[in-house]
Amino acid sequence: MRLNILIEPSGIRSLNVGDQAMLEMCYARLRAMWPQARIGVFTVAPERIASALPGAICFSPSARQRCLDHRVLGGRIPRLLPAPLARLVRRFEQGALRYTPRLVARIAAAKMRFRKQDAAAELFSLLQSIDLYVFSGAGMINDSFPDIAAEALLTLDLAGRMGARTAIMGHMIGPITNESLLGLCSRVLPAVDLISVRERITSVPTLARCGVAPESVIVAGDEALELVSSSRNSSAHGGHALGVNLRIAPYSGVSNTVVRRLGTVIRSIADRVSADLEPVPIAYESWADDERAIRMLMSKHAGSAKDGEPETPRSLVHRVGRCRLVITASYHAAVFALGQ
């Protein structure tokens, strides 16, 4: 029987080169272990996945929220009942999901089809059919991304309830002070079959707070390092460019004013040592656009980054290989540099 695997990537739009690198290595490892497996990936950018992950099957997560609200009796009936009866209905639904999850899924899927919510029903069927659910490398289970993290964790939990084995690979987890997210992590994470993390300083204590025993956590480093090692061009080493990365994002603490001040300093350094500035953009999200921030920082200094379109991880490895030094505000720009 052929194994069915589904991967939840950190970036479903494939707009973060670091997250894409971890996804590519996760996929490569799974494909190497199970060459005949049917491996699916949640994505809204199927063209990028098709070119980066040969043989992967693309699934849209667009109906995910509807699947996560899979109450058998829906939201209307409890609202019409007195509070004590409504609580009883909720307990019944929670118990049904715990003890007869596949039955609940079949009823919920049938209700979705009846309501012409075909995409949600198909997604439910997909989650029931998989053998292994993998949440590939990310730095999003923390206070900066509570909603995105919750959606991914609830999907993982649902897949596990449907009978799949579950794994979280190459994450950094924490810090978490958000009570709602902490409660969800404490409910979901102890049931995950395998958890590996990038580092032990933040992730292992955070997992322990969530009820995951430290001795069961694998500290494996960042999966992107393997891609860096296999992709780097040794002849490019010894370059003299000055690599720069900067990110303006809600969680970065970097403003336009900071960018302009840093730009003055970094351009002065480049002029003093006659170094070209080499842009090293990682994120291309509308709310975290490294390229825009780097362009502002570089001013008139020419750069060779692709305009508005993410590079492949391997292409970025070669770009960083042309640098003698990389100054970065982004974690994965540092990984691509330190890995070389």
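Residues numbered from 1 in each chain as written. Predicted model: local features only at pLDDT ≥ 70, side-chain atom pairs only at ≥ 80, totals over all residues. Heavy atoms only, no water.

Draft legend 1. Layout of the packing of aromatic side chains. Within this structure, the stated rule accounts for 3 aromatic pairs. Aromatic pair F145 and W287: ring centres 6.2 Å apart, planes at 55°, arrangement tilted. In this pair, F145 is assigned in the loop between β4 (132-135) and α8 (146-161) and W287 in the loop between β10 (284-285) and β11 (288-289), connecting sequence segments 142 residues apart. You can call F145 buried: its relative accessible area is 15%. Through a chain of ring-to-ring contacts, the aromatic side chains of F145, Y251 and W287 assemble into a single cluster. (Phe/Tyr/Trp six-rings, centres within 6.5 Å; stacked < 30°, edge-to-face > 60°. Helix = DSSP H or I, 4+ residues; strand = E, 2+ residues; numbered from the N terminus. Buried < 20%, exposed > 50% of the residue type's maximum accessible area, 1.4 Å probe, protein only.)

Draft legend 2. Main features of the state of the cysteines. Summed over the entire model, instances satisfying the criterion amount to 0 disulfides. Of all cysteine sulfurs in the structure, the one in C210 sits closest to C185, which takes part in no disulfide; the separation is 4.7 Å. (Disulfide = S-S within 2.5 Å.)

Draft legend 3. Structural detail: the environment of I5. Here I5 lies in strand β1 (residues 4-8). Judged by relative accessible area, which is 3%, I5 ranks as buried. As for I5 and S129, which are separated by 124 residues in sequence, their C-alpha atoms are 9.1 Å apart. When sequence neighbours within four positions are dropped, the list of residues in contact with I5 reads L30, W34, A37, R38, I39, G40, L132 and V134. (Contact = heavy atoms within 4.5 Å.)

Draft legend 4. Spotlight on the pairing of strand β8 (residues 241-244). The two faces of β8 match: A241 and G243 on one face and L242 and V244 on the other face are all buried. The sheet contact formed by β8 and strand β12 (residues 323-327) spans 4 bridges and is parallel. Bridging from a neighbouring strand, V244 pairs with I327 of β12. Across 3 bridges, β8 lies against strand β9 (residues 277-279) in parallel orientation. Paired with G243 across the two strands is E278, which belongs to β9. Taking the sense of rotation as the criterion, the β-α-β connection linking β8, helix α12 (residues 256-272) and β9 turns out right-handed. (Pairing = 2+ DSSP bridges. Right-handed = clockwise from strand over helix to strand, strands pointing away.)

Draft legend 5. View of the pairing of strand β2 (residues 38-42). Counting buried positions along β2 yields 4 of 5 residues, so the element is predominantly enclosed. In this sheet, β2 lies alongside β1 in parallel orientation, the contact comprising 4 bridges. For L6, the partnering residue across the bridge sits in β2 and is G40. In terms of strand pairing, β2 meets strand β3 (residues 57-59) through 3 bridges, oriented parallel.

Draft legend 6. Representation of unusual backbone geometry in the model. Each neighbour pair has its own omega, and for G174 with P175 the value is -5°, a cis peptide bond. Here S14, not a glycine, exhibits a phi torsion of approximately 55°, which is positive. The topology assignment puts S14 in the loop between β1 and α1 (17-33). Phi at S274 takes a positive value of approximately 55°, unusual for a residue other than glycine. Residue placement: S274 occurs in the loop between α12 and β9.

Draft legend 7. The arrangement of the packing of helix α11 (residues 224-231) against helix α15 (residues 331-338) in detail. Contact geometry for α11 and α15: axes closest at 9 Å, N-to-C directions at 40°. With respect to α15, the element α11 is oriented oblique. For the element pair α11 and α15, the recorded crossing hand is right-handed. For the pair α11 and α15, the contacting residues are A224, L225, L227 and V228 in the first and H332, V335 and F336 in the second. Among the residues making up the contact of α11 with α15, the classes are represented as 6 nonpolar, 1 polar and no charged. (Axes fitted to C-alpha atoms, helices over the stretch in contact; angles between N-to-C directions. Parallel < 35°, antiparallel > 145°, perpendicular 65-115°, else oblique. Left-handed = near helix turned anticlockwise from the far one by under 90°. Nonpolar A, V, L, I, M, F, W, Y, C, P; charged D, E, K, R; others polar.)

Draft legend 8. Seen up close, the environment of D118. Among the structural elements, D118 can be located in helix α7 (residues 118-129). For D118, a relative accessible area of 41% gives the class partly exposed. The spacing of D118 and A63 is 55 residues in sequence and 9.0 Å in space, taken between C-alpha atoms.

Draft legend 9. View of the sheet that holds β12. As summarised here, the arrangement of the 3 strands in space is β9-β8-β12, forming an open sheet in which the pairing is parallel. The two strands at the open ends of the sheet, each matched to only one other strand, are β9 and β12. Put simply, the sheet's adjacent strands are angled 30° from each other on average, direction ignored. Contacts between α12 and the sheet are confined to β8, β9 and β12, with β8 contributing the most and set at about 165° to the helix.

Draft legend 10. Expanded view of helix α14 (residues 313-321). Within the sequence span of α14, burial applies to P313, L316, V317, R319, V320 and G321. Check the buried side of α14 and you find it contacts α1, α11, β9, β12 and α15.

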